[in-house]
Protein chains: 2
Amino acid sequence: MSSNLIALDVMGGDKAPRAILAGAVSACSALGLQRIAPERIVLVGDGPTIESFLEERGGNPGFQVLHAPQVIAMGDSPAAALRAKPQSSIVLGVGAVQAGKAGGFVSMGNTGACVGAATLGLGTLEGIRRPGIAVTLELTGHPVTFLDMGANVSPKPDHLLQYAAMASTYMRDCIGVKDPRVGLLNVGEEEGKGTPLLKEAYALLKGGPVHFVGNVEGSDLFRGVCDVVVTDGFTGNVVLKLMEHLSEFMLGMMMSRIANHDATAWGNDLLGDIKRAVDYSTYGGALLLGVAGVVVIGHGRSDESAVANALALAARTIDANVNEHIEHGLSLPK
Amino acid sequence: MSSNLIALDVMGGDKAPRAILAGAVSACSALGLQRIAPERIVLVGDGPTIESFLEERGGNPGFQVLHAPQVIAMGDSPAAALRAKPQSSIVLGVGAVQAGKAGGFVSMGNTGACVGAATLGLGTLEGIRRPGIAVTLELTGHPVTFLDMGANVSPKPDHLLQYAAMASTYMRDCIGVKDPRVGLLNVGEEEGKGTPLLKEAYALLKGGPVHFVGNVEGSDLFRGVCDVVVTDGFTGNVVLKLMEHLSEFMLGMMMSRIANHDATAWGNDLLGDIKRAVDYSTYGGALLLGVAGVVVIGHGRSDESAVANALALAARTIDANVNEHIEHGLSLPK
């Protein structure tokens, strides 16, 4: 896993392949937040499509290309698609990480297929039973990482402890939060609240190698009381979709008013602020923590800049050796 | 249960007792959406406090008063408080329904204590195992009822079916939706998604006496695909708090911009629109469905108009004989 290359699934996502390819170009431009050398990116997808896009843009700036003749569609059933399409961009992209030819894989494609391919192909990190999907949002001016956002809808208490430990390492190594505070998403702050799963997880987190600050509620998420929010994949997925669509719904109400009042200039600034606050692509997409490799799963609707951010996230995570630190941290008593 | 009186907990809520008493007065004014006769309202709380408030306002317009010398605080542990305070406004208010002296009880106080007092004091409706908290939101211009929002954090599949049936009856009788469509909150639309609980509930709902439209996701809540959303009390509670605080957070961002741009007039209109959309007190508070009596639990932060709305909700629910129809509907094959 010593490669620092990033395999990019060119075929996944609602706007693939053009937005994905444009995102790769953008990640390598001097305008990017974190410029990535084109030589670090392996474009995985239909070869002729990739070549013709790059020709349009004045030639290949140095990307590697890995031809994948098959595509797993957004609506495909993950398990069946993985079996039926061994030459798909998702399977070949994960395969590049598995073979040590790349250190990370980025896809805006079918989430279930990415989780499945990564878990089967890469295996989990030592000490980790189940991977979890982590997303980072900047709700109150500082980043908070939430996991699991849907890899594991029925976790066991020790999975939640492992999520906490992995996300803490990620927050420290990649986001630069010194001693990340971990909260457990629950329906009340007191110990003893919630389902049997949460009661057991609370006890494990209290004694675990993380800075546990106790239960947090939906209302706490906007108060900056913790840096990591741990939850089961069912609740996490519902919450993530709800946040996204509630904010879109509110934006829609605002937009219609703004249009009526010629307040477009500052209105657009505001919309941008709010979009950034609830949009996890600000932090580059969802990181599949727990597999033996760096896997970033972006939103299906990702545009060029979201793709560039996802590539930057993969680069940061590879460069910070997060996985090595997770394994190392888990083997320590505290 | 033939009484149509409404017992109102004067002592519960962050702004009690003044906002509660003002709400009672407001519910009886000609300005209310649905005017309630003062003779229908029983004020339950500290007698002298109630009398002096009414004197300030020019005398008692016809309210009945039930003196309750004890108060269960918002932060009290429900089970312990119910044992320790048998003369509290919550216990006496539920007791009035139990004794047939009132048909409904409205409280903005401690939710757990209200659920506990109602379940113990009133028992559940015939055919109902566990009560669930229902809230109605008007997210896209038409009302959607969500339940359970926290009465039962670990429900069984048949509880979810009972929730669906109760909420359907409520939507038909009280909101006037002819054939309410029921969705099951899940992480994907396909059958077979989600936790074991949801898979079993899906099968029960499919064969149950409700108009089941399948799984719905967070994104569907704003698309008007169903009139009832069924979920477990854990997820429901997290979602409800999140919606409330996410919208407050967004409102905060807007307010600061609006203040900077002298757009106060239309800005305030907009804030009002959004608040109404995500505020369940528009529909009068949360209805505890499944107990043998009408119990409305308002938000602790309820102001005068929220209290008036809650009283109107109790009146509508009593007048529509929702509970009778629930019991009747459950005994029918379809």
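This is a predicted model, so every value here is computed, not measured. (Residues numbered from 1 in each chain as written. Chains lettered and ligands numbered in written order. Predicted model: local features only at pLDDT ≥ 70, side-chain atom pairs only at ≥ 80, totals over all residues. Heavy atoms only, no water.)

Student: Mind laying out the overall build of chain A, listing which residues take part and the relevant values?
Tutor: Along chain A, the regular secondary structure elements total 11 helices and 11 strands. A buried classification covers 59% of the 334 residues belonging to chain A. Long-range contacts, defined as pairs at least 24 residues apart, comprise 70% of the intrachain contacts of chain A with a sequence gap of at least 6. Of the accessible surface of chain A, which amounts to about 12700 Å², a share of 52% is contributed by carbon and sulfur atoms. (Helix = DSSP H or I, 4+ residues; strand = E, 2+ residues; numbered from the N terminus. Buried < 20%, exposed > 50% of the residue type's maximum accessible area, 1.4 Å probe, protein only. Contact = heavy atoms within 4.5 Å. Areas by Shrake-Rupley, 256 points an atom, 1.4 Å probe, with all protein chains shown as cover.)

Student: Explain the packing of helix α1 (residues 18–27) of chain B against helix α10 (residues 304–319) of chain B to me, using residue names and the numbers behind them.
Tutor: All names here are of chain B. For the pair α1 and α10, the least separation of the axes is 7 Å and the interaxial angle reads 55°. It follows from the interaxial angle that α1 and α10 lie oblique. When the axes of α1 and α10 are compared, the crossing they make is right-handed. Along its contact with α1, which presents Ala19, Ile20, Ala22, Gly23, Ala24, Ser26 and Ala27, the element α10 presents Glu304, Val307, Ala308 and Leu311. Considered class by class, the residues forming the contact of α1 with α10 number eight nonpolar, two polar and one charged. (Axes fitted to C-alpha atoms, helices over the stretch in contact; angles between N-to-C directions. Parallel < 35°, antiparallel > 145°, perpendicular 65-115°, else oblique. Left-handed = near helix turned anticlockwise from the far one by under 90°. Nonpolar A, V, L, I, M, F, W, Y, C, P; charged D, E, K, R; others polar.)

Student: Kindly report on helix α5 (residues 111–122) of chain B, identifying the contributing residues and their values.
Tutor: Residue and element names in this part refer to chain B. Spanning 12 residues, α5 covers 16 Å between terminal C-alpha atoms, matching the ideal 16 Å at 1.5 Å per step. Those residues of α5 not exposed but buried are Ala113, Cys114, Val115, Gly116, Ala117, Ala118, Gly121 and Leu122. Those residues of α5 that are buried lie in contact with α3 (78–84), α4 (89–98), β4 (104–107), β5 (132–137), β10 (286–289) and β11 (294–297). By the N-cap criterion, in which a side-chain oxygen at the helix start approaches the backbone nitrogen of a residue two or three places on, α5 is capped by asparagine 110, the distance to glycine 112 being 3.2 Å. Just past α5, the residue glycine 123 takes up positive phi, approximately 75°. (Expected span 1.5 Å × (residues − 1). Polar contact = N/O pair within 3.5 Å; in protein donor to acceptor, adjacent residues only side chain to side chain.)

Student: I'd like a rundown of the sheet that holds strand β1 (residues 6–9) of chain A, residues and numbers included.
Tutor: Residue and element names in this part refer to chain A. The strand order across the open sheet formed by 11 strands is β3-β2-β1-β4-β11-β10-β5-β6-β9-β7-β8, and the pairing between neighbours is mixed. Every interior strand has two partners, whereas the edge strands, β3 (64–67) and β8 (211–216), have only one. On average, adjacent strands in this sheet sit at an angle of 25° to one another, irrespective of strand direction. Examined bridge by bridge, strand β10 (residues 286–289) and strand β11 (residues 294–297) share two bridges and lie antiparallel to one another. Bridge pairing in β11 links alanine 286 to isoleucine 297. Most of the contacts of helix α5 (residues 111–122) go to β11, to which it runs at about 175°, and overall it touches β4 (104–107), β5 (132–137), β10 and β11. (Pairing = 2+ DSSP bridges.)

Student: Lay out the pairing of β5 of chain A in plain terms, naming residues and giving numbers.
Tutor: All names here are of chain A. Here β5 lies mainly inside the structure; six of its six residues are buried. Residues Gly132, Ala134 and Thr136 line one face of β5 and the alternating positions Ile133, Val135 and Leu137 line the opposite face, and both faces are buried. In this sheet, strand β6 (residues 144–147) lies alongside β5 in antiparallel orientation, the contact comprising three bridges. Following the sheet pairing, leucine 137 is matched in β6 by valine 144. Here β5 hands over to β6 after six residues, with glycine 141 in that stretch at a positive phi of 85°.

Student: Run through the pattern of salt bridges, naming residues and quoting values.
Tutor: Opposite charge on two side chains makes pairing possible when the charged atoms of those side chains draw close. All names here are of chain A. Under the counting rule described, the total for this entry stands at 20 salt bridges over all chains. Across the pair aspartate 76 and lysine 85 runs a salt bridge, and its minimum N-O distance is 2.8 Å. Overall, the relative accessible area of 22% leaves aspartate 76 in the partly exposed class. The partner of glutamate 190 in a salt bridge is lysine 193, and the shortest N-O contact between them spans 3.9 Å. Classification of glutamate 190 by relative accessible area gives partly exposed; the value is 47%. (Salt bridge = Lys/Arg side-chain N within 4 Å of Asp/Glu carboxyl O.)

Student: Break down the nonpolar core for me, citing the residues and quoting the values.
Tutor: What tends to happen in soluble globular proteins is that the nonpolar side chains get buried as a cluster. Judged by nonpolar contacts, the single largest core of 224 residues is most densely connected at Leu43 and Leu311 of chain A together with Leu43 and Leu311 of chain B. When near neighbours in sequence (up to four residues on either side) are disregarded, leucine 311 of chain B contacts Ile6, Leu8, Gly23, Ala24, Ala27, Ile36, Ile41 and Val106 of chain B. (Core = buried A, V, L, I, M, F, W, Y, C linked by side-chain atoms within 4.5 Å.)

Student: Describe the packing of aromatic side chains, with residues and values.
Tutor: All names here are of chain A. Scanning the entire structure with this criterion turns up two aromatic pairs over all chains. A ring pair is formed by tyrosine 202 and phenylalanine 212, whose centres lie 5.1 Å apart and whose planes are at 80°; its orientation type is edge-to-face. Highlighted residues: tyrosine 202 in helix α7 (residues 196–207) and phenylalanine 212 in strand β8, separated in sequence by 10 residues. You can call tyrosine 202 buried: its relative accessible area is 11%. (Phe/Tyr/Trp six-rings, centres within 6.5 Å; stacked < 30°, edge-to-face > 60°.)

Student: Let's hear about α1 of chain B: which residues, and what values?
Tutor: All names here are of chain B. Counting buried positions along α1 yields eight of 10 residues, so the element is predominantly enclosed. Within the span of α1, buried status applies to Ala19, Ile20, Leu21, Ala22, Gly23, Ala24, Ser26 and Ala27. Buried-residue contacts for α1 involve β1 (6–9), β2 (41–45), α2 (47–56) and α10.

Student: Help me get a handle on the sheet that holds β4 of chain B, residues and values and all.
Tutor: Residues and elements named next belong to chain B. Ordered in space as β3-β2-β1-β4-β11-β10-β5-β6-β9-β7-β8, the 11 strands form an open sheet in which the pairing is mixed. With one partner strand each, in any of the chains shown, β3 (64–67) and β8 (211–216) form the two edges of the open sheet. Direction aside, neighbouring strands of the sheet carry axes that sit 25° apart on average. In this structure, β1 lies alongside β2, joined through four bridges in parallel fashion. The residue bridging isoleucine 6 from the neighbouring strand is isoleucine 41, located in β2.

Student: Can you tell me about the environment of histidine 159 of chain B, naming the residues and giving the values?
Tutor: All names here are of chain B. The residue histidine 159 is located in helix α6 (residues 157–175) in this model. For histidine 159, a relative accessible area of 7% translates into the label buried. Setting aside its immediate chain neighbours within four residues, histidine 159 contacts Arg129, Arg130 and Asn152.

Student: Describe the side chain of threonine 145 of chain A, listing the residues and the values that go with them.
Tutor: Residue and element names in this part refer to chain A. Take threonine 145: it is sitting in strand β6. By relative accessible area, threonine 145 is classed as buried at 0%. With near-sequence residues (within four places) excluded, threonine 145 lies in contact with Ala134, Val135, Thr136, Ala167, Tyr170, Met171, Asp227, Val228 and Val229.

Student: Just give me the short version of unusual backbone geometry, but keep the residues and values in it.
Tutor: If a residue is not glycine, its phi is most likely negative; likewise, a peptide bond is most likely trans. All names here are of chain A. Cis geometry marks the peptide bond from alanine 16 to proline 17, where omega comes out at 0°. Turning to its location among the elements, proline 17 is positioned in the loop between β1 and α1 (18–27). The residue after leucine 147, namely aspartate 148, is reached through a cis peptide bond having omega 10°. In this structure, aspartate 148 sits in the loop between β6 and α6 (157–175). Phi is positive for asparagine 321, close to 50°, though the residue is something other than glycine. By the secondary structure assignment, asparagine 321 is in the loop between α10 (304–319) and α11 (322–331). Residue asparagine 321 is classed as partly exposed on the basis of its relative accessible area, which comes to 37%.

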